[in-house]
Amino acid sequence: MRLVLVVALLLLAGCATAPRETRNACAIFEQRDGLFNNWRRAAESTQREYGVPVAVLMATIYTESGFRPYARPPRRKLLGFIPWKHQSSAYGYSQAIDGTWARYQRQTGRWSARRTKFSDAIRFIGWYHAESRRRNGIALNDTYNLYLAYYFGHTAYARGDWRADPGIRRAARRTANMAVNYWQQLRRCPN
């Protein structure tokens, strides 16, 4: 009985950490290929549902959270050194903020979806990118602009707010480059 409990705890602990190798899509999927927690299956299901390529979905998560399920933005500092509130409500793999996550749940009916569950977070990203296409006309394989719309929101993206932020443009370029890398890796992954 103790052995079963120890094995169960080790399996659960493995689910709560980022994969060791996050720059290689094949390695990520190999590390998370469980019966109940299969990241490849979740990513491919999202691609079928929303039309967003797996590489784009994975690159978005790479940039947003580094595949850490409990990722949060940094805290503000009170008096310059006392940790205070987080800069935003962004949370989980997708770094979705509270209001956008609630809108996703309402529009899709996925009330039990959690930002700390990979399959829910990647589905959210697919939904959001599909909304970027619908609202802003961004192609679903245009990782650079999808990331800008994801980070700024649809309205601010349409206004061009991203033009004044070179740091986010660099992040969008890194995301686009990672999507290309993931795409090339995924073509060679064993199934």
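None of these values were measured; they are calculated from a predicted model.

Remarks on helix α5 (residues 98–108)
Within the span of α5, buried status applies to Thr 100, Trp 101, Arg 103, Tyr 104 and Gln 105. Contacts made by the buried residues of α5 are with α6 (118–136). One or two steps after α5, the chain reaches Gly 109, where phi turns positive at roughly 75°.

Quick notes on the packing of aromatic side chains
Taken as a whole and judged by the stated rule, the model has 18 aromatic pairs. Residues Trp 101 and Tyr 104 carry aromatic rings whose centres are separated by 5.3 Å and whose planes lie at 50° to one another, so their mutual orientation is tilted. One end of the pair is Trp 101 and the other is Tyr 104, both in helix α5 and 3 residues apart, which spans about a single turn. As far as burial versus exposure is concerned, Trp 101 and Tyr 104 are alike and both buried.

So, the pattern of salt bridges
Counting across every chain of the model gives 5 salt bridges. Glu 49 is the salt-bridge partner of Arg 110, the closest N and O atoms lying 3.0 Å from each other. Placement of Arg 110 in the loop between α5 and α6 and of Glu 49 in helix α3 (residues 39–50) is noted, with a sequence separation of 61 residues between them. Note on Arg 110: relative accessible area 23%, which makes it partly exposed. Judged by its relative accessible area of 37%, Glu 49 is partly exposed.

Some points on the packing of helix α7 (residues 143–152) against helix α9 (residues 166–188)
Between α7 and α9, whose axes approach to 8 Å, the crossing angle comes to 130°. Relative to α9, the element α7 is oriented oblique. For the element pair α7 and α9, the recorded crossing hand is right-handed. Each of Thr 143, Tyr 144, Tyr 147, Leu 148, Tyr 151 and Phe 152 in α7 lies in contact with α9, whose residues at this interface are Ile 168, Arg 169, Ala 171, Ala 172, Arg 173, Thr 175, Ala 176 and Ala 179.

Quick notes on the confidence of the model for the protein
Overall, the prediction assigns the protein a mean pLDDT of 87, with 83% of residues at 70 or greater. Put simply, helix α1 (residues 2–15) is where the protein has its lowest mean pLDDT, 44, and α6 is where it has its highest, 98. Counting interchain partners and residues more than four positions distant, the pLDDT-below-50 stretch residues 3–14 has 1 contact.

As for unusual backbone geometry
Phi at Phe 67 takes a positive value of approximately 65°, unusual for a residue other than glycine. Judged by relative accessible area, which is 0%, Phe 67 ranks as buried. A positive phi angle, close to 55°, is found at Gln 95, a residue other than glycine. Considering the arrangement of structural elements, one finds Gln 95 in the loop between β2 (82–86) and α5. The exposure class of Gln 95 is buried, given its relative accessible area of 11%.

Conventions and cut-offs
Residues numbered from 1 in each chain as written. Predicted model: local features only at pLDDT ≥ 70, side-chain atom pairs only at ≥ 80, totals over all residues. Heavy atoms only, no water. Buried < 20%, exposed > 50% of the residue type's maximum accessible area, 1.4 Å probe, protein only. Helix = DSSP H or I, 4+ residues; strand = E, 2+ residues; numbered from the N terminus. Contact = heavy atoms within 4.5 Å. Phe/Tyr/Trp six-rings, centres within 6.5 Å; stacked < 30°, edge-to-face > 60°. Salt bridge = Lys/Arg side-chain N within 4 Å of Asp/Glu carboxyl O. Axes fitted to C-alpha atoms, helices over the stretch in contact; angles between N-to-C directions. Parallel < 35°, antiparallel > 145°, perpendicular 65-115°, else oblique. Left-handed = near helix turned anticlockwise from the far one by under 90°. pLDDT = per-residue confidence, 0-100.

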